[in-house]
Structure formats: C-alpha cells, structure tokens
Amino acid sequence: MMKLNAIPTVGSPGFFTSYLSARAFKTDAREIILEGYNKYPGQAFKVPLPDRWQVIVSGKEMMEDIKKANPLDLSFIEAITETMQSDHTLGKPARVDTYQIDVVRTPLTRNLGIKFEDLRDEIKNAFADEIPAKETEWMKVPMLYTVMKIVSRTSNRYFVGLPLCRDPDYIRLNIEFTIDAFNGAKTLQHYPNILKPIVRQFLTGVPTCLKRATKHLEPLIRERLRKEEEYGSSDWPDKPNDLISWLLDEAQGEGRKDIIYNVVSRVLLINFAAIHTTSMTFTNAIFCLAANPHLAQPLREEIELVVAEFGWTKAAMGKMWKLDSFLKETQRLTGIGGLSMIRLALRDFTFSNGTVVPAGTIVGVASYGIHHDNVLYEEPDTLNAFRFSELREKEGESLKHQMVGIDSSFVLFGGGRHMCPGRFFAVNELKALIGEILVTYDIKFENDGGFPAPDWNGANASPNRLAQVMFRKRIPSSA
C-alpha cells in the first residue's frame, strides 16, 4: 500500500470513505476517469474499487511502457484471468495454451477474402429475417438484442457455416454465454479459489452453456476427427475451411487431449469476443446514423460507387474510406468503456517516469480521456463522421488513420503484443453490416430523438439496452 500512496487518488483515499468512492465509480466512472485524466495529464492516478485500487495511466510514454512491458511484469492474460475469472468462465485450457490467438491472427484473418461471399450472404439473409421492414411503413426494432442475433448469425456463418449458424438455440446460446460469462465472473469474484469450481457449477450459467455448445459442436468435431483418421492426415478432400478445422489443425500435443472440450470452449471464447464487441460497436454506429440522418447519403454514395467497381468483397471494404472513418469516429465518441490495455502487475513495475505500481495491481489506460482530449482531437465531444477520411486525403497519409491501425490516440483495440488479433475480421464485418443497412433501409429515431444515453457499469459501457430504431425498406438500388 505504501507504493500506491505515492500515486494520487481521484476520490477519497480514506479507509472508510474510499468505499463510498468505490460506489461512485460504479455509477460515475466516465466522469471520474475524465477528472483524473485532466487533473494528472501524462501521469498515473488511482481510483478505489470495492476490493482493490485501480491504477489508471495516460500519455504516450506510459502507454508505450505498458506495450513494451515483459508479460512477466505486466500481464494481459492474468488480468483477464482475474477480472473475468476466465479459468472458470472462458476455460482454463485457453489460458494455458493460447493457440486460439494464432488461429484468429492467421487463418481466420487470412481467409476473409475467400469467405467474404459467405459473410455477405448471411448478412443479407439475417437482416431479411430479423428486420423484415416494408417500403410503405416504418418498423420499430429493439436494437441491441436484434443486432446481437444478426452478429451471431453472421460471425458463425464464417466460423461454423450452414446450417448451424442459423440454428435458433445456437444463436441464443452464443448471446447468452456472453451474459452468463460476465455475470459468472462477478459471482465468482466473491468466493475463495478453493470454492470457485463448486460455485461455477451451481451458481453460474456457464456449465449449461458449455453443455449446449457441446451438443451442437461435438458431432462436427468428431466427424472431422474421423476423416483425419480415415485419410491419415489433417488434409483430406473437401475439408471445411472453418474455425473448427483451424482449431483442430493448431491443436497439437497436449492440445489434443480432451479435444472436444478444448475445441468447444475455444469456439465459445472466440464467439464471446466477436459477438460482444462487434454488437456494441455496431449498435452505437446505428444510433449515430439514426441521430444524424444527413450522414446516410454521402456514405451510400461511397458504398454504391465502390461496390459498382469491386462488388461486395473484402477489397471493396478497404476502399470505403468514409465508412471506415464513420465507424472509427462513432467508437471514438461513444466507445464501449472508459479503460483499455488492462494489465495485472505480477511483480512491482516501474514506469519510465518513475511511477511504481506494486505487484497485484490492476493497471489500465484512460481510453475515454484520450478519445475526448481536445489536444488530440478538434471538438472532441462532437461527431465529425469524416474526421479520419479527410486526414487520409492529405499527401502521404492514405494508409494512416484507419480503424484497424496502430494509433496511440485511438485505443479501442488495445495496444502492444495483445492488440486485438480479431480487429481485421471485426472491422470488415462491421463495414459489411453497416453497408447493408445503408443500401437496404432508411432509419430514424421515433420523434427524431437523439443518441440514447449508454448504460455504464463501472468502467464498462453498453449501448442503451431499451433503445429502439425505426426501419423502413428503401426502394431497391443497383448496389
């Protein structure tokens, strides 16, 4: 605690009053993070949580220290293990052997061009099923849950293919697992390690989700294993090019033990990461479109122009500069939380400016402060949809300022060696999803309402769960 005393506190540092500040952080984290960011620029500050102190840093120098830190000093994996109780919610094998990260980084990303037609096909079908709007009347849509169903279908068309991606129970499972994992983590944090396996089994929804996932996925996995044995090789005629195959290809040695659980838990984990973040990002983008109807036409014009030349392809997504800028700007402005680049200090760590955080401390970057910094962004609290595409039009800047790029002033995807490996898939999927809305529908808020207030819970933010958007089908265009 003595080392933490040297780090300034936002809120009350007192033994009893810090608990009141911890309660305040649960409801007012955004304001508290901004207060610390503005009061201690380029420095560290701490805020009280119910059971520990959270250290928050800002400034390029301290961010670089986190990016370059040895994982034996500052660990992303152990931070997730601590905050998400991942051994009990997301599966211990995925922490011990992280080969699923290699799968996301390599085959999942590299097959985007080959499999983009499948992605596009599922997007069209999912929207037709979930938002069957007519040209003659407006349809009111509960946005976040509808988006989660569309994203689940779309992502799983890519991950596991037809017909499973459209199975109603499988869709619900992937949505519910995200919720059960978060709720399970909160429950498990209240119990000592020795009791956590029992608590997981009887007081969380995780075992039920795993059982349901196994029912859906085990027959597919066993059929792949049978084919491997039949042909004596992991390569065989008409082998499906999907997530199950990629995971089986990567699982070697110890990874082949308890192979059904190993693969099923990793499919759930990848769905957890894909559906949660993409659904929130997509919903925020829809809200921004509905609140700013003047943006639809310039975005449609770009999409129709690019698609006329390149079709609905991965290459086309890369040509949509305005759409990329719009998505990046909506996430800069709204975001999905107040912190990024979370790490757990496994031993005392000294930043280059001399700040010391003791072992056992959770450290994060004040992403909300960075994204609303008027030094980094002109009018940071205003939506400027084409902020980044205009920057790209300057000489020598065409490859910069992209949503997937490495940028210390935009940290939605984290940074360093643990920068989100699925960001290329996510951004291309997001462009295809928003593109489908723009060419297929007109959208608005009922009574011309503004952007719905997000739901904050501590440093985590979610799009408003109750907000609805009005959809009307457009007259078909050539796109």
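Below is a summary of the structure that appears in this document. (Residues numbered from 1 in each chain as written. Predicted model: local features only at pLDDT ≥ 70, side-chain atom pairs only at ≥ 80, totals over all residues. Heavy atoms only, no water.)

With respect to the overall build of the protein
- For the protein, the count of helices and strands is 19 helices and twelve strands.
- Relative to a compact globule of 479 residues, whose C-alpha radius of gyration would be 23 Å, the protein shows 23 Å and is just as compact.
- By its C-alpha atoms, the protein is 65 × 55 × 45 Å across when sized along the principal axes.
- Split into buried and exposed, the 479 residues of the protein put 53% on the buried side.
- Within the protein, contacts between residues separated by at least 24 positions form 75% of all contacts whose residues are at least 6 apart in sequence.
- Entry remark: accessible area of the protein is about 21500 Å², with carbon and sulfur atoms responsible for 53%.
- Averaging the locations of the 58 positively and 59 negatively charged side chains of the protein gives two centres separated by 3 Å. (Helix = DSSP H or I, 4+ residues; strand = E, 2+ residues; numbered from the N terminus. Rg over C-alpha atoms; globule rule 2.2 N^0.38 Å. Buried < 20%, exposed > 50% of the residue type's maximum accessible area, 1.4 Å probe, protein only. Contact = heavy atoms within 4.5 Å. Areas by Shrake-Rupley, 256 points an atom, 1.4 Å probe, with all protein chains shown as cover. Lys, Arg positive; Asp, Glu negative; His and termini not counted. Charge placed at Lys NZ, Arg CZ, Asp CG, Glu CD.)

A few points about unusual backbone geometry
- Following L162, the chain continues to P163 via a peptide bond in cis, the omega torsion being -5 degrees.
- Here P163 lies in the loop between α8 (143–159) and α9 (168–188).
- Although it is not a glycine, D238 adopts a positive phi angle of roughly 60 degrees.
- With respect to the secondary-structure elements, D238 resides in the loop between α11 (206–231) and α12 (243–250).
- For D238, a relative accessible area of 75% gives the class exposed.
- One non-glycine residue, M341, adopts positive backbone phi at about 55 degrees.

As for the sheet that holds strand β12 (residues 468–473)
- With respect to topology, three strands assemble into an open sheet ordered β4-β12-β9, the strand pairing being antiparallel. Both outer strands of the open sheet, β4 (139–142) and β9 (441–444), are each paired with one neighbouring strand and no more. Between one strand axis and the next, the sheet turns through 35 degrees on average, direction left out of account.
- Its contacts with the sheet put helix α13 (residues 259–291) on β9 and β12, and the angle it makes with β9 is roughly 80 degrees. (Pairing = 2+ DSSP bridges. Axes fitted to C-alpha atoms, helices over the stretch in contact; angles between N-to-C directions.)

What to know about the sheet that holds strand β5 (residues 340–345)
- Within the open sheet, the five strands sit side by side as β1-β2-β8-β5-β3. Their pairing is mixed. Here the strands that pair on one side only, and so sit at the sheet edges, are β1 (44–48) and β3 (74–75).
- Pairing of β1 with strand β2 (residues 53–57) involves five bridges; the strand directions are antiparallel. Opposite F45, over in β2, you have I56 as the bridge partner.
- Contacts from helix α3 (residues 60–68) reach β1, β2, β3, β5 and β8 (362–365) within the one sheet, and its direction differs from that of β5 by about 60 degrees.
- Each of β3, β5 and β8 is contacted by helix α4 (residues 76–83), which is oriented at about 90 degrees to β5, the strand it contacts most.

Some points on the side chain of K67
- Its location among the elements puts K67 in helix α3.
- In contact with K67, other than residues within four places in its own chain, are M341, G415, G416 and R417.

Considering the pattern of salt bridges
- Summed over all chains, the structure comprises 36 salt bridges.
- For the salt bridge of R95 with E78, the shortest nitrogen-to-oxygen distance reads 3.7 Å. Placement of R95 in helix α5 (residues 86–96) and of E78 in helix α4 is noted, with a sequence separation of 17 residues between them.
- Through salt bridges with shared partners, one network takes in D118, D121, E122, D129, R153, R157 and R166. (Salt bridge = Lys/Arg side-chain N within 4 Å of Asp/Glu carboxyl O.)

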